[in-house]
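Structure assessment
In case you want the letters, here they are:
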Amino acid sequence: MARGKLRIHLGAAPGVGKTYAMLAEAHRRVERGTDCVVAFVEHHGRPRTEVLLHGLEQVPRRELAYRGGVFPEMDLDAVLARRPQVALVDDLAHTNIPGSRNAERWQDVEELLAAGIDVISTVDIQHLESLGDVVESITGVRQQETVPDEVVRRADQVELVDMTPQALRRRMAHGNIHRPEEIDAALSNQFRPGNLTALRELALLWVADRADACLTRYRREHRVSKIWGSRERIVVGLTGGPEGRTLVRRGARLAEKGAGGEVLAVYIARSDGLTSASPEELALQRTLVEDLGGTFHHVVGDDIPAALLDFARGVNATQIVLGSSRRKTWQYVFGPGVGATVARESGPDLDVHIVTHDEVARGRGLPVARGARLGRSRRVCGWITGVAGPPLLAALLNAVDLGLANDMLLFLALTVAAALLGGLLPALASAAVGSLLLNYFYTPPLHRWAVADPENIVALVIFVAVGVAVASVVDLAARRTQQAARLRAESEILSFLAGNVLRGETGLEDLLERVRETFGMESAALLERASDVEPWTCAGRVGRGRPVGRPDQADVDMPVGDHMALALTGRVLPAEDRRVLAAFAAQAAVVLDRRRLREEADRARTLAEGNRIRTALLAAVSHDLRTPLAGIKAAVTSLRSEDVEWSEEDRAELLAGIEEGADRLDHLVGNLLDMSRLRTGTVTPLIREIDLDEVVPAALGGVPEGSACLDVPETLPMVAVDPGLLERAIANLVENAVTYSPPGAPVLVAGSALADRVEVRIVDRGPGVPDEAKERIFEPFQRHGDAPRGAGVGLGLAVARGFAEAMGGTLDAEDTPGGGLTMVLTLRAAEARPAHRPAAEPERQAS
């Protein structure tokens with residue numbers, strides 16, 4: 001069965017006309033004879049949208065009950081049974097009501113597509129999952145309903161439904177989007193001009209990127225090599241030379257002249273990995289490209305012009321920016337150069353800009369990062385081999401006649417050995433000394449600095465040339481081997497930085513210790529100052545070296561910005577080590593900033609929590625405490641009134657109201673004080689061993705008679721608790737359970753033993769709490785469901801959990817089998833107790 005096709009109408013915000021466009025498309029398809037039905041479309045009371053529903057077949061919706069209400073949802077089974085050619089499904093990011101087959105509507109759409117049904121749907125840009133953080137930073141609201149980007153990207157068609165922010169706000173003001181009572185709030189919040197403009201830009205860019213991806217795929221599938229200038233793409237060719245920064249800036253200016261311009265900097269390296277480009281300069285140019293909004297690319301190719309043109313055509317570039325050649329005039333005998341070759345072979349659809357710079361005609365030499373040099377002992381051995389080796393070999397050969405050819409091979413082998421040990425210069429010395437000794441001792445006329453046979457002259461020249469060539473190759477190979485080893489070590493260090501540091505797994509002191517160990521220094525310190533005139537302060541330091549107060553007092557200092565530096569003591573580092581040191585310094589600054597941001601976030605979180613509690617306390621004082629006070633005041637004023645003669649029943653009722661209000665005030669104030677003690681950490685439990693049946697009955701004294709029943713066996717082990725805190729916690733739990741229990745269903749308080757723990761279960765038969773809210777109900781000032789304000793300030797459960805944890809226990813919520821909520825209070829059992837109570841037990845119970 002062929003998979004159905006998905007068409008999505010994408011908009012920047014609600015009200016731009018996505019549903020209207022979807023219904024209009026449905027009418028066009030019905031007129032063409034397509035079997036099209038409305039699976040689920042919500043018109044939200046908009047008259048014009050509602051009118052478009054007329055004339056379209058609508059599949060009856062499914063009604064689902066949830067939390068006391070009935071909600072309509074798409075009947076997926078009915079749509080599959082109806083099996084139309086096209087189904088309209090509004091709001092792709094909608095979350096289905098619990099009890100539906102799938103949790104999300106986009107999953108319903110996937111089933112329709114898998115059944116071969118085409119689907120037309122709608123979605124707002126703010127509901128794309130990857131844009132959640134961006135949208136939250138713009139609107140200040142985190143979208144709870146999202147759809148995976150891949151679902152939208154896989155759509156066969158994505159049509160942008162666009163409207164200017166001004167027109168959308170006019171629609172809102174005219175009542176065409178929200179109900180009249182919601183207009184003012186929407187215009188001042190989500191529908192502010194800045195919000196709408198930012199969301200519109202997100203939608204336009206997302207659709208443009210998708211169109212660009214579709215174009216790239218089409219060109220690849222149809223093998224289109226000709227450049228289509230749909231938008232300006234500037235390719236900047238870099239060589240690693242100092243002129244690269246000039247070229248990058250020129251490319252950025254060219255890109256700014258066209259709408260949607262893009263800069264792509266490319267460096268082409270030889271396939272053998274050998275290059276004379278400066279890594280430091282390339283790193284600076286890469287940073288500059290990224291700062292200007294472009295991208296940096298590394299391409300391998302031995303034919304630089306061909307590789308550059310292939311890259312430009314592959315990315316559908318429209319222009320190439322190159323620098324004027326740095327070669328001197330005589331060097332053009334080797335060829336026309338990269339710029340001229342690219343300009344000649346670019347063709348009519350690719351413009352090439354040759355930009356002048358300060359390095360023109362100054363030569364092709366570039367700063368060379370030579371890496372680590374050969375060690376001193378190795379160079380000494382090489383010089384000894386190259387200078388003293390040939391005379392010793394000549395002395396040995398004078399005693400044995402091996403022939404000129406064998407003598408030359410032995411001297412050549414000695415030259416290779418000198419190159420392996422000491423590098424190029426000792427090898428050259430060995431070749432020179434060896435050629436002189438060959439000429440003096442082994443070529444006729446002997447013992448004279450002359451050569452009689454021309455063939456011997458050629459042999460000596462070839463010997464010197466081969467010796468120099470072999471020495472050069474061996475020296476280059478040795479140096480490349482050392483460079484590879486050094487780069488491998490550098491890559492391991494940088495991998496450590498990219499892994500541990502960027503994931504936040506390394507502290508500042510740990511990083512400084514790694515710096516000290518890596519470079520073999522005595523100490524490492526990160527210094528900073530607020531401004532150029534402020535003194536330096538130490539943000540972190542490791543090692544036993546001398547203390548450093550300023551960067552200039554250290555053996556090595558690496559600046560990080562204008563007001564921070566990494567200072568090392570112990571020895572002076574070579575220049576090639578400073579590249580890795582710069583990476584360490586930058587990451588040390590990042591770690592320090594992360595630590596400070598974390599500290600600020602903790603302080604802000606503490607302040608926010610304090611503000612939230614203070615705000616809730618004010619709300620409690622302003623309402624929950626004022627209500628009983630007002631009742632008490634009214635009752636007392638009525639009793640003191642001399643104008644009314646109250647009967648005994650009325651007086652008793654007023655006094656009962658006063659007593660009830662006072663009890664309520666006492667309970668509220670007690671919970672507020674308990675929560676303040678928990679928040680300030682002043683709760684110090686006095687733990688002692690006690691039986692549950694001494695505490696639990698007292699905790700039930702404040703609930704109405706018959707509203708709770710007790711089941712605490714006498715055989716339960718004693719618990720190690722604070723009796724006062726335990727009584728208060730159980731009282732709060734029972735009072736909460738009684739509040740939500742239906743009439744005639746008493747709350748059960750049961751105790752049981754489990755290993756070294758004792759559980760107290762408070763079981764009610766109320767409406768229960770969903771799983772996602774079971775932890776939230778223990779937060780301060782939280783009331784679940786539609787609890788009235790008079791039900792308290794929402795501190796009872798928070799206080800109960802706080803007291804339980806203070807005594808080393810836990811408090812959790814579970815579903816009651818058959819409906820309701822069970823609070824499980826787990827306490828620590830005391831040491832093993834006798835199976836039977838002691839004789840004094842009845843007397844203690846009586847007391």
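Because the structure is predicted, anything quoted here is derived from the model rather than measured.

Conventions and cut-offs
Residues numbered from 1 in each chain as written. Predicted model: local features only at pLDDT ≥ 70, side-chain atom pairs only at ≥ 80, totals over all residues. Heavy atoms only, no water. Buried < 20%, exposed > 50% of the residue type's maximum accessible area, 1.4 Å probe, protein only. Helix = DSSP H or I, 4+ residues; strand = E, 2+ residues; numbered from the N terminus. Arc of directions from axis to C-beta. Salt bridge = Lys/Arg side-chain N within 4 Å of Asp/Glu carboxyl O. Axes fitted to C-alpha atoms, helices over the stretch in contact; angles between N-to-C directions. Parallel < 35°, antiparallel > 145°, perpendicular 65-115°, else oblique. Left-handed = near helix turned anticlockwise from the far one by under 90°. Contact = heavy atoms within 4.5 Å. Nonpolar A, V, L, I, M, F, W, Y, C, P; charged D, E, K, R; others polar.

The next thing to look at is helix H22 (residues 692-699). Along H22, the positions that sit buried rather than exposed are Leu692, Val695, Val696 and Ala699. In an axial view of H22, the angular spread of the buried residues amounts to 95°, which keeps them on one side of the axis.

Right, let's talk about unusual backbone geometry for a bit. Within the chain, Arg83 stands out as a residue other than glycine whose phi angle is a positive 50°. With respect to the helices and strands, the residue Arg83 is situated in the loop between helix H3 (76-82) and strand E6 (86-89). Unlike most non-glycine residues, Asp91 shows phi in positive territory, near 55°. If you trace the backbone, Asp91 turns up in the loop between E6 and helix H4 (105-114). A residue is classified by how much of its surface remains accessible, and Asp91, at 29% relative accessible area, is partly exposed.

As enumerated under the stated definition, the model contains 26 salt bridges in all. Between Glu290 and Arg286 there is a salt bridge, with its nearest N and O atoms 3.5 Å apart. With Glu290 and Arg286 both in helix H11 (residues 279-291) and four residues apart, the pair spans about one turn of that helix. Through salt bridges with shared partners, a single network forms among Arg7, Glu25, Arg28, Arg29 and Glu159.

Our next topic: the packing of helix H12 (residues 304-314) against helix H13 (residues 338-345). Contact pair H12 / H13: the axes reach a minimum separation of 9 Å and the direction vectors enclose 45°. The pairing of H12 with H13 is recorded here as oblique in orientation. Where H12 crosses over H13, the two elements pack in a sense that is right-handed. Mapping the contact onto sequence places Ile304, Pro305, Leu308, Leu309 and Arg313 in H12 and Val338, Thr341, Val342 and Glu345 in H13. Within the contact of H12 with H13, the residues separate by chemical class into six nonpolar, one polar and two charged.

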